[in-house]
Each structure stands twice: as C-alpha cells, then as structure tokens.
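Examination of the molecular architecture
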Amino acid sequence: MRLFKFLKPKPTISEKDITTGLRWLTLDGMVSQGFNSITTSGILAAYALALGANVSQIGVMAAIPFLMQTFQIFTILLVEKIRRRKAIAVISFFVAQLVWVPVALIPLLVLTPSTKAVYLLLGLLILNGLFRSVTTSSWNSWIRDLVPQQILGRFFSRRMAFAGVVGAVFSLGAAFFVDHWTSVASVDNRILSYTIVLLFGITFLGLASPVFMSLMSEPMMQPVEKRGISLKQRLAAPLKDKNFKKLVSFLLFWNIASNLAIPFFAVYMLTRLGLPLSWIIGLSIISQLFNIVFLRVWGALVDRFGNKVILSMCASLYLLVILGWLFTAMPERYFLTIPLLVVLHVFAGIAMAGVNLTVSTIGLKLAPSGEAVSYLASASIATNLGTGLGPLIGGVVAQFFDSRYLNFTLTWADQTGTTQLPVLLLNGLDFLFAIAFIMGLATIGLLTSLREEGEVGSEIVLNSLLNPTREFSRSMSSAPALGFFSDFPFSYLKRIRIPGLDVALGVTIYQIAEISRIAATTALRGRRLSQRFSKALEKDISELPKSREEMRKHGIEISRQAARGAMHVVEEKPTDVEQIEGAIVTSVIKVVTSAGADPEDAILGASQGIIEGASETRSDLSTAARKTIEAATKVSKQVHLSKKSVITKVVEGTLQAAETISPEAVAQVKKSLPPENPLNKK
C-alpha cells in the first residue's frame, strides 16, 4: 500500500501544504478547462450532429453529465465510511477521463452517421458521468477544507481566469483544426477531425488533471459527533436547514431555466444562422475573455459584499442576454446579427463570471464545518439535476416548436400599397429562449429570502461597480449617490424594469472610469503629465464603441466618469494633487470634445467628476474646484467658448457634484468660486 501513500490524508496541514495545494489546484483548473472546452462546448455538439444526432438527442447529451451527478447520493456514504476523499476523487476521475478515449474512437468503431453511433456516444457519456459523480462529492468536501474561507472569492476568481485562458486557446485551436480538416478531407473522413481533437485533448490535458489533483494535500476529515446516522438522515440534514434549503431550491430551478437555452446556443448558430464552427468558438472566446476580466471584479466584490447580491445581479444580466437571442434572426441572418452576437457574448461572459463564481462559493460558505459532505452534495445534486433537466425539457420543447412559428409584424397600408416591417418572429429554438427568460424571472425571486452573513443591497454593489476604487468603509453620506445618472440619457433606460439592464449599464460606466484611471497611472511615469495623459486617454476613449453622435448625447457622463476615474490615481501613487487635477481637467475636455461631445457638456461633466473623485480620494474640494476653473479657462479658446461661459459651466458642475455629497462639501466648493461667478448674481 506504500504505492498509494501519497493519497492518504494528513492529520495537520501546514501553511506550506496550503500554498502548494492551491498552486496545484490552479494548474488542475487550467488543464481541466482546456479539455472541458471541447467536451462542453460547440465542438461536442458539432461532433454529435456529425454522428447523426437530432435536436432532442442533443438535449439528452447535454443533460447526461449533470443528471449522473445525482448519484452523489450514494457516494456520500462511501466518503463518510472510507474518509479518504483524495483517494476517491483521484481514482474515480482518472477512470472517468479514460472513457473519452472510446468516445473519440466512435467513427472507427461503428458506421457514421447512424443511430447506433449516437446511442454509443450517449452510453459512454453516462458511464463517464457515473464516475464523475463519485469524484464530485469527495472533491467538494476536500476543497472546502483546503482553501481558506477568507480568500474563497479571490482564489476561485483567479483560478477561473487562468483556466479560461487555457480553455480559450485550446477551443479556438481545435475549432480551426476542425474547419481546416473539413475543407480538405473527403466527405467520409471529415468526422475524423473530432477524433483527433479528442485524443489530443485527453492525452495532454484530460489525464494531467488527476495527476495534479494527486499532488494536493488533503486535510483529515473532522470526526462526526453522532455515529450511526443513516444516509437518509444525512441527506435530510441540509433540507431541514431552512436557509440552505432556499439555496438548494434556487440552484435547482435556476439551472433548469438557464439550461433550457444555454446548450442550444451553438446548435442555433450552426443550423439557424449557418455560422462555421470557428466563428462559434471565436464568439465563445470573446465571452471567455470578458469572463476572465470580470472574474477579478466579481471576486473582489464577493469577498466584500457576499455571494447572494452578486449572484442575483449576474443572473439578471444573463436573463437579458437570453432575451437578446430572440433578435439575432429576423427570421434569418441579417446585417445586425453578428454585431448583436458579439454584444450578447460579451455580456454573457461578464454575467457567467459572476454566476459561476458565486454558485461555486456560496455553498462552501453556508455549509457548516464538519457536515460539508452532505450539504455540498445537496447543493451539487440540485445544480446538476437542474442543469440536466433543463436540456432534456429544452430538447422536447424545441422538437415541438420546430414546425411552428409566431410572427409579430407592423403593417402600413396606403394608396400606393402595403409595407410590412417584421418586429419579432419566434420559430423553433426562439420559443425555447423566450420560455427560459420567463422561467428565469420567476426563479430569481427565490434568492430574496436567502440569508447570508454580511449581505448588502444591489444598490451598494452597483455604486461600487460604478466607482470601483471607493472604499466601502467610507460613510455613505459622503459618497456620490446613484443619482450620478441624472445627466446621462441612460437614466431613462434605468427606469425600465428589464432584468440585468442596470448591471449592463454599470459595467459600461465601470469600463469608462477604469480606462481613465489606467491612462492617468501611465501618464505619471513621464514628466510631461498633461500631454501623456491626453494621449493615453485619447487612445482609450477612441476604443469605446461610441459614434460621434453617441458621444454628443452622452458627453456629460463620459467626461464625468473619465475625470472621476482618473482622480483615483491619487490614491495609488504619491504625486502633486494640484498638478494632476489640472491635467485631468484639460485632457478630458480636449479629448471628449474632439471625439464629438459638446464643449459645454465636456466642461460640465469634467467639473462634476473632479469634485466627486476628490471626495472619494479625500482630496481638498476647495482646491479641486479652484484648479478646475483655472484649467478649464486655459482651454476656453481651443473649444471656442468665452471664459464667462466656461466659468458658468464649471460652477454649475462643481456645485451639482458637491450637493450630492454633503452640505459641508458645498461650503468647501463655494470658498473657491470667483467673485464674478453666476451664483452671486442670484
């Protein structure tokens, strides 16, 4: 048995064991995601279609891995009896990964396309799922005891980010290989491209995962106080915990609702929109890139504000994405299809980063120490049962609606004839997306009664998202309220109760503030601060997806957030505050005006942003207002405005910003206003 000594748990875990274990856990996530990028993506769906599968069978295929996870019920007793989670997880996962070898060889074993090939695929996936269910219950409990609770959000967000990079690279390479092979191979040999991709993946990535798992230390399981507890009692314990039961209910119904749609996105693009596989994987890469970027954002917010609020916000945003799929075809591809798909994949990546992160950590946080196996198994069973039932139901629904459609058309008739404008056409999978959206709306309500220690409202998180560097501990009375949208045309959209719209707007403003802060940080490395900041900001602002017309409409808010974000560099680097304030005002006005905004709007927005940024970085508001006036008047000729007009806008902007902060802030700003300011004439 010395051969398997490395699989034994340790009575005590040192800091070195934890550090080393987290390193191997990160590497395991990277290689696992690299292989999962083909076994859970459009590549596997395309493989199934090539084997002869229909839409209903695609749904069954997507459901199998998750439905098999319900067999964790029977592995809980195994874990509790043997009490060697690492040994169980490593051995079962190694066998599960080996099953992918015959999956890859199906075209060499039976005739394709054929029903027999499809059934063989489904049977092997069932076998793989059974072994993975053994892995999951032991793995969850093991990792719960290995990863320190206080870094759950940050660690798993970092792990997911690295894993996402590997997954993106491998999936894109696999897709290009399949497309190239298909273009040069004979009809009979085209399907072999999937065989090669799967065999490559299992050899270099899939089998590396259990190896990395075996190098992680396992803390010895804590003794259970009550002996002789039956399996039924163990499974019932989480459901008797009213708060945890609410989490289990949400995980079940959310995954049913979302997976009515998710497994069929790739099928929709392949069949309805006629996109090549490389395009589909390319879009998924876009989604993964934004997923990686926002894992860092959501990870920090989870550690500060808790899982529940982030999960609710990101789930709402994902419902908005599902709704958007209804407009990708009218009824076929049209000129807005590709741009809309890009936007949907961007926000899908942002939303799923938060959903996946919080779902993987909220159960770890709410599960009591010593009873993690049964609690986490219940959460995992609910998640996987929902994720499995969703595609099954979706496949049946899609098959039913395949020959049905619902058309909404605007018709205009006059003496010259009749004109019809298609508004919305639901056909086949469109019905599935609509049903998923409606079910998701009902499901999010289940989160409202869930209780989590340290939870806050979504307004506070949105405030933090819109001002990413604000310290949460600061008194809310001294921070700009959510009324920052008052001058932004999107404020009208905020009032529309569309799920996820407020989060989408928050993410957009976060981007503007963040790139401005980065530009200011970069500029400080040189001596000529104003010129360097102007160039850096101009480059970043130009990359925003805004036309000159949109820039003109939203000039106030863009100027405001650019100035506000740049001011936060004061917190990060010691510098001459007065110098940077003047440089920010000058640069923002020049850049935003040259991009198409009205000069008065640029001045008004920059003035507001400087005061808000000064408040958030605890700089002197009186000095900030004075430097804003001085800097703005210097560029008055360049923007073709009189000094009087410039001063009027600066006074208006600084006072508006100060009023949203506190009466003390208003008093400080008034001290620096010139005697001839418009306020004194009232």
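Values in this document were obtained by computation on a predicted structure and should not be read as measured data.

1. Quick look at the overall build of the chain
Looking only at helices and strands, the chain has 31 helices and 2 strands in total. Taking all 682 residues of the chain together, 55% fall into the buried category. Summing over all exposed atoms, the chain offers an accessible surface of approximately 29800 Å²; the carbon and sulfur share of this is 62%.

2. Quick word on the environment of glutamate 218
Within the element layout of this structure, glutamate 218 appears in the loop between α11 (208-214) and α12 (231-240). Measuring from C-alpha to C-alpha, the distance between glutamate 218 and leucine 146 comes to 6.9 Å, with 72 residues separating the pair along the chain. If near-sequence neighbours (up to four positions away) are discounted, glutamate 218 is found in contact with Leu7, Lys8, Pro9, Lys10, Ile13, Arg83, Arg84, Arg85, Lys86 and Trp142. Reaching out from glutamate 218, the side chain makes a polar contact with the backbone nitrogen of arginine 85 at a distance of 3.0 Å. Among the polar contacts made by the side chain of glutamate 218, one reaches the main-chain amide nitrogen of lysine 86 at a distance of 3.2 Å.

3. Observations regarding the side chain of serine 287
Residue position: serine 287 is located in helix α15 (residues 277-305). When sequence neighbours within four positions are dropped, the list of residues in contact with serine 287 reads His345, Ala348 and Gly349.

4. A look at the nonpolar core
With 92 residues, the main nonpolar core has Trp298, Ile322, Trp325 and Phe433 as its most contacted residues. The element best represented in this core is helix α17 (residues 337-366), accounting for 14 residues. If we ignore the near neighbours within four places in the chain, the residues touching phenylalanine 433 are Ala261, Phe265, Tyr268, Ile322, Trp325 and Leu326. Counting residues in each nonpolar core, the second largest holds 46 residues, with Val99, Trp100, Tyr194 and Ala208 among its members.

5. Topic: the packing of helix α1 (residues 15-39) against helix α10 (residues 192-206)
Look at α1 against α10: their axes get within 9 Å of each other, and the N-to-C directions meet at 165°. By the angle between their axes, α1 is roughly antiparallel relative to α10. Where α1 crosses over α10, the two elements pack in a sense that is left-handed. Residues Val31, Gly34, Phe35, Ile38 and Thr39 of α1 form the contact with α10, whose participating residues are Val197, Leu198, Gly201, Ile202, Leu205 and Gly206. By residue class, the composition of the contact of α1 with α10 is 7 nonpolar, 4 polar and no charged.

6. Some remarks on the packing of aromatic side chains
With the rule as written, the count across this model stands at 17 aromatic pairs. Between the aromatic rings of phenylalanine 200 and phenylalanine 204, the centroid separation amounts to 4.8 Å while the plane-to-plane angle is 40°, which identifies the pairing as tilted. Residue phenylalanine 200 and its partner phenylalanine 204 are located together in helix α10, separated by 4 residues, close to a single helical turn. By way of ring pairs, the aromatic residues Phe265, Tyr268, Trp325 and Phe433 are connected into one cluster.

7. Here we look at the confidence of the model for the chain
Parts of the model with low pLDDT should not have their predicted coordinates read in detail. Averaged over every residue, the pLDDT of the chain is 77; residues scoring 70 or more account for 78%. The weakest mean pLDDT in the chain belongs to helix α21 (residues 490-494) at 41; the strongest belongs to helix α6 (residues 100-104) at 95. Between residues 468-497, whose pLDDT stays under 50, and residues either more than four places distant or in other chains, the model counts 69 contacts. Low pLDDT (under 50) marks residues 523-529, which in the prediction has 15 contacts with non-local residues, meaning those over four places away or in another chain.

8. Points about a positive patch on the surface
Together, Lys242, Lys245, Lys246 and Arg451 line one region of the surface with positive charge. Inspection of the secondary structure assignment puts lysine 245 in helix α13 (residues 242-258).

9. Things to note about the side chain of serine 559
Assignment of secondary structure puts serine 559 in helix α25 (residues 555-567). Classification of serine 559 by relative accessible area gives buried; the value is 0%. Not counting the four nearest positions on each side in its chain, serine 559 is found in contact with Val588, Val592, Asp601, Ala602, Gly605 and Ala606.

Analysis parameters
- Residues numbered from 1 in each chain as written.
- Predicted model: local features only at pLDDT ≥ 70, side-chain atom pairs only at ≥ 80, totals over all residues.
- Heavy atoms only, no water.
- Helix = DSSP H or I, 4+ residues; strand = E, 2+ residues; numbered from the N terminus.
- Buried < 20%, exposed > 50% of the residue type's maximum accessible area, 1.4 Å probe, protein only.
- Areas by Shrake-Rupley, 256 points an atom, 1.4 Å probe, with all protein chains shown as cover.
- Contact = heavy atoms within 4.5 Å.
- Polar contact = N/O pair within 3.5 Å; in protein donor to acceptor, adjacent residues only side chain to side chain.
- Core = buried A, V, L, I, M, F, W, Y, C linked by side-chain atoms within 4.5 Å.
- Axes fitted to C-alpha atoms, helices over the stretch in contact; angles between N-to-C directions.
- Parallel < 35°, antiparallel > 145°, perpendicular 65-115°, else oblique.
- Left-handed = near helix turned anticlockwise from the far one by under 90°.
- Nonpolar A, V, L, I, M, F, W, Y, C, P; charged D, E, K, R; others polar.
- Phe/Tyr/Trp six-rings, centres within 6.5 Å; stacked < 30°, edge-to-face > 60°.
- pLDDT = per-residue confidence, 0-100.
- Patch = residues over 30% accessible without salt bridge, like charges linked within 9 Å, V, L, I, M, F, W, Y side chains within 5 Å.
- Salt bridge = Lys/Arg side-chain N within 4 Å of Asp/Glu carboxyl O.
- Lys, Arg positive; Asp, Glu negative; His and termini not counted.
- Charge placed at Lys NZ, Arg CZ, Asp CG, Glu CD.

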